[in-house]
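# A structural walkthrough
The residues making up each chain are set out below.
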Amino acid sequence: MTQRRSARLQARRSRQVSGLLRFPDASDTAIVPFRNGTSQQELNRPRDSAMEYTKNAKYCALKLPAVPNVLKSRDDGSFTGCIDSATENALLLTQTSAYVWKYSSPDHLPTAISFPISNPSGAQPLGVLVSPSAGSTEPGLVLVNPTTGRLTYWDAVGGALAEGLLHRKKGMETTIPLYQSETLEHLQNIEPAGVIVATSTGRFVLVALHDGAGRPGVACTAMRGAGTGLWSNIVGFVKMGSTRRDVVAMKPGKLLGRGERMVVTVNARGAVTMWHCSRTGDYRLVFESDLREQLVQSIEGVYPQAERTFRVHDIEMLPDDDKTGLLLSSFVYDEDDEERTFYVLFTAYFDPVDFRIISAHRITCCTMHSTRLPRLFLPRPGYTAFIVLTNAVIMLDTILKPRSDENQLSTFKWEDVIPFKPEVEVMTAGAEDMIQINSQVTRHAGIIVVARGTAVMRIERFEDENGGSRVRSTADVIKSKLEQAVYYGFIDENPLDFGKTEPVGYEITDIEAAITEVSDEIINATSLYMQVDDTATSLTLRCQALGRLAEHLSPIFPTLSAESRYQALFKLEKCEAAKNIDALWFTSPTSSSRSGMLSEVISDMMPDSDSVDSFFLNNISKIGDLITAFSNKSLIRARTASGHRNIMLQHVREANEILLTALTSSAYVIRSHYKTAIFKLSHVWGVTQPWTSTFDVLNSLSRQFEVTNAVCTSLWEATDTADDQVAFDLRNLCEQLVGLAESLCRGYEERISFCEATEQEREQTDNLKRAYAEQRPGWLKPLLAFGCGEQAFELGERYRDFRTLAEMCREEKAQLDKFSDEESRVAQENLALRTKYYFDTYGYEFAQTLYRYYIDAGYTSELFIAFPAYREYLERFLSDPKYDRVSWIHDIQTGDFTAAGKKLENVAEKMDDSLSNKRLQFSIAKLCLISASVKGEPVDEDVRYINEQLDGIDRLEQETVGGDEVMEV
C-alpha cells in the first residue's frame, strides 16, 4: 500500500510539473473547453500568445498581443479609425496624428507607424486604409480634412510617414469642392472602385484612386443619381434634402466586375440608396427609397411606441447578394419609468419593384444605450451578425445560418452579448471573414475591436457542427454566462464585464436551474472547462470554481430561493473537505505513515470503484457518508486492537483527523466566510438539512469523543508519562478532543436550528435540546482535566453554556485552593477576573445560573459571601419565593429579621417535611420575628400564629408517641 501511494504521489508531482490544465493567473490563458465540432488541428493552431478573455461552445473573445503605446494611454481625446482585415492593419486618427500598426503581430509592442497630420482647422480627420500597391504588402492610406475637403492618398503608409518627417511630397492630392458650411461626414473604402465620401448636405462623391489602367491617380466625381441635365440637378438637390441627409452608414456590397462594386448607404430615417460604382468614375443608382414607414409598420403591432424614437444605425448586404441585406435600428422603450434601448435587426429584400421585409428581430440579450453610433458587421460566410456598441458586442445568427428545419428560415434562433466594463470604450472595429484551407477552418468569422485603455480584441464565432438546429433554452444561455464568469471573470485585466445581468429579465427558476447545473458539473468534475486527471489539481480547481461562482452570484443571491443557495454552499463545503482530506492523506508529511483504512472504506462504499482517486474525482458529494463510515470502521478496529496501544492510537487519531478535517478545517471555515457575506443566508438554519449535523455525523462525533476521552485518561494516568512519544500522543489527542467538543456543540446547535425552522422536523426539537443540555457539560468539563481549560471556557462562552461555566469556575477554584504557591495565587486572581467578566458581560442571565448551581450543589454558605460586588443580582435571585428555604439566611445576614421569619414560616407551612424540621423552622422563624420586634416592628400576629403551629406540632408528636405505645402493648 505504501509503495502504491508513493508511486502515485510521484506521478502526481510529475503531472503537475508537466503543465496540467489549471486556473490561470492574470497573465495566463484561461482553461477552455473542447467544443463539439472543434477539430484537433484547429485546437493546435497557434494563437501567437493571444490571451482568451472568454470562450464557450459558440464564440471566443481573444486579446491580441500587439498593443501599441497609443492604446495604453488614458487620453480621453477624440479618435476615429478603421480595420483592414486584408492586410491585418489598424488605423487610429486623432486631430493631429495618425497611427498604423499590424494588429496580428505576435509582438507585445508592435512596430507602429505614426506621423503628424497638418490640420489647421482642428476638425477630426477622416481616414481609411486601402489595398497595397502592386508588389507591396504595406497598405495604402487615404486622409480627408472634413472642413476643407482636402484629400490625400498614399499608396503606402510609409510614404505618409516620410512626408510627415522629411517634409517630402509622397502622396497624391485633390480637393473635394464643398458648399458653404458643408462638411464631409463619412469616408468608406469601396475598392476596387476607390473610396466614397458623404457630405453633411447629402451629397455623395466617388473618388477613384486608380485610372482605368490601374495606375495610381486621384479623381473625384459627384454622384447625382438622377440622370443628366437641369432636371436631374433639381431632382438630385431635392433628394439631398430628404433621403440622403444624415447618412449613418456607407458599406461596400457585391463585387460586380473588374474595377466595379456595389455601394449601399442608409440615413437615420431609414432611407436607403444602392449604387454601382466604377474606378473610372462611372456610377449608377439602382435603388433609392425611404423605408421608414414600412420598417415602423412591421413592428408597431407589438411596439406602438417605436415610431416616436425610431432610428436606423447601419446596413449590411448578405455576402455575394445584391438584393438581400440587414438593417440595424433601435427605439427607446419606456416602461415603469425606465428607459431602455430596443435594438431591431431587419432582414429585407431591396428590389425597386418588390421591396419586402423578410423578418424583424428584436434583440433581447441587450438593451443598453450606446453613446457611439452602433455598428453592424457581417463577415463571411454571413451566418452571424456582429453589432458593436460603445460598451458591448452583440452576436446573432442570420437567415443564412443553416437549419435542419426549413420552417425556421426567417428566424434568428441564437443571440448573445459580450458586455465590457464601464471604463472600456470601443474606438473602432472591423470584420474578418472566415478562411478555410483544404476544408479546415484557419480563421473563424469574427470582428476586430480596438478599445480605449485596454487592448485589441478579436471576437470570433465558431461554426456549429450540427448546423445550429438545436434551440438553446434560457437556462443554457445563463449557464454559459455563469461558466464564462467563473473561468474567465477573475483575470484582472479582462475588459469584459461578466456581472451585467440587468439587461435581461431571466426567470428565477431558469437562473436556479443554471446554477444547479454549473455547480453539479464542477463538483462532479464533468465540466468541459476542467478536464483534469490529477486528483489534487482537480480538487483545487473545483474549489476555486465553486468559490468564484458564489462570489459572482452574490449580488443576486437575495432574489434566489434559500434552498438553491444552501445547495451551492454545501457543494463548496464538500469540495473543500474533499480537497483537504486528500491533501492530509496523500501529500502531507505524515502521509507515509497512514493506514490503508481510507481505501477500505471507499471500497466498502463503492464496490465498483477501483481506486481512492476515482472517489475524489467523481463522488465527493458523498463526503459526509465517507467520514461517518471511516469513523465507524476505525472504532471497530480500535476496539479489536485494544491490547496494541500504537495501533489503537492510530485508528482513533485517524478517525478524528478525518472528521475534524472535513468539519472544522473545511466546512466551518467556508461557512464562516461565505454563508452570510456571499450567500446572504441568515445564521438561522432552515429549508435544507446541513450535511455537517446529520444524525450519523452527530453520532460519529459523540462516539469519537467518548473513545478519545477514554484514551486521553489512560495516557494521563500512565506510569510512563515522561516518555516523549506518550507526551506527543497525549498532546495530539487533547487537541483533537477540543475539536470534537467544538464540533459537537456546533452540530447540535445547527440541528436544533434546522428542526425549529422545519415543520416536518419540529417535533424533534425538544428532545434535541434536552440531549444537548445534558451532554454538553460532559464535552467541556473533561477538557479541564487535560490542561485545556482555556479552550473549555472559550467554548462555554461561545455557546453560552452558563451552567457549565459556573461549574468549571467553582471546580477550578476548589483545586487552586489546595495550593498556596505563587503560580496558584496568580491563577486564582485570573479565575476571579474571569468570573467578574462573566458577571459584567452576561449580567443577570449568568448570575442566576451560577446561583442556582451553588444551591443545587450545596454551596449555599459560599453563595452569600463569594460575590459581594454583585449583591443586587443575588437579592433579585433570592426574591423568588421558590428560594425562600435559603434566602432567609441572607435576610438574617442583612438584618432583615421580619423577612427571614416570614420566609421560614412560609417554608414550614408549604414544605412536605418531618415534624422535627417543621418545629425547627417555626422556632427559628419565631426568633427572627422576636428580634424584629425589638426594633419596634409589628410582628405579634405572626408570633401568635407560629405559637399555634408549634402547639399543633406538639399535639401531633404526642399523638404519634401515644399511638406507638399502644402498638407496643
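Up top is the structure these notes are about.
Below or above, wherever it landed, is the structure these notes cover. (Residues numbered from 1 in each chain as written. Predicted model: local features only at pLDDT ≥ 70, side-chain atom pairs only at ≥ 80, totals over all residues. Heavy atoms only, no water.)

Okay, the sheet that holds strand S26 (residues 415-419) next. Sheet architecture is open: four strands sit in the order S23-S24-S25-S26, paired in antiparallel fashion. The sheet terminates laterally at strand S23 (375-377) and S26, the two strands that pair on one side only. Strand-to-strand twist across the sheet, computed as the mean angle between neighbouring axes with direction ignored, equals 20°. Bridge analysis of S23 against strand S24 (residues 384-388) gives three bridges, and the strand direction is antiparallel. Counterpart to Leu376 in the pairing with S24 is Ile387. (Pairing = 2+ DSSP bridges. Helix = DSSP H or I, 4+ residues; strand = E, 2+ residues; numbered from the N terminus. Axes fitted to C-alpha atoms, helices over the stretch in contact; angles between N-to-C directions.)

Two pairing modes exist for strands in a sheet, parallel and antiparallel, and in both the strands are linked by backbone hydrogen bonds. Taken in spatial order, the four strands of this open sheet run S7-S8-S9-S10, and their pairing is antiparallel. The two strands at the open ends of the sheet, each matched to only one other strand, are strand S7 (126-130) and strand S10 (172-175). The mean angle between the axes of side-by-side strands here comes to 15°, regardless of whether they run parallel or antiparallel. Both strand S9 (residues 150-154) and S10 contribute to a ladder of four bridges, which runs antiparallel. Note that in S10 the partner of Tyr153 across the bridge is Met172.

The full count for this structure, using the stated rule, is 42 aromatic pairs. The ring centre of Tyr179 lies 4.7 Å from the NZ or CZ of Arg203, which sits over that ring. (Phe/Tyr/Trp six-rings, centres within 6.5 Å; stacked < 30°, edge-to-face > 60°. Lys NZ or Arg CZ within 6 Å of the ring centre and 35° of its normal.)

Moving on, we come to the nonpolar core. Counting residues in each nonpolar core, the largest one holds 168 residues, and the members touching the most others are Leu71, Ile459, Leu598, Phe616, Ile623, Phe679 and Tyr851. Looking at this core element by element, the count peaks at 14 residues for helix H17 (residues 724-757). Those residues in contact with Ile623, other than ones at most four positions away along the chain, are Lys574, Ala577, Ala578, Ile581, Phe615, Phe616 and Trp691. Within the second largest apolar cluster, 29 residues are counted, among which are Cys82, Leu93, Val130 and Val157. (Core = buried A, V, L, I, M, F, W, Y, C linked by side-chain atoms within 4.5 Å. Buried < 20%, exposed > 50% of the residue type's maximum accessible area, 1.4 Å probe, protein only. Contact = heavy atoms within 4.5 Å.)

The next point concerns unusual backbone geometry. The step from Glu191 to Pro192 runs through a cis peptide bond, and the omega angle for that step is 10°. Residue position: Pro192 is located in the loop between strand S11 (184-189) and strand S12 (195-199). A positive phi angle, close to 55°, is found at Asn438, a residue other than glycine. Residue class for Asn438 comes out exposed when judged on its relative accessible area of 73%. Phi at Lys680 takes a positive value of approximately 55°, unusual for a residue other than glycine. You can call Lys680 partly exposed: its relative accessible area is 38%.

Here we come to the pattern of salt bridges. In this structure the tally under the stated criterion is 47 salt bridges. For Lys63, the salt bridge identified is with Glu493, shortest N-O distance 2.9 Å. Linking Lys63 in strand S2 (residues 59-63) with Glu493 in the loop between helix H8 (474-488) and helix H9 (508-523), this pair joins segments that are 430 residues apart in sequence. Two residues, Lys836 and Asp840, come together in a salt bridge whose shortest N-O distance is 2.9 Å. Residue Lys836 and its partner Asp840 are located together in helix H21 (residues 822-842), separated by four residues, close to a single helical turn. Shared partners join several salt bridges into a network, and the residues in it are Glu88, Glu432, Arg443, Arg458 and Glu460. (Salt bridge = Lys/Arg side-chain N within 4 Å of Asp/Glu carboxyl O.)

Functional significance is not addressed by these values, which are geometric in nature.
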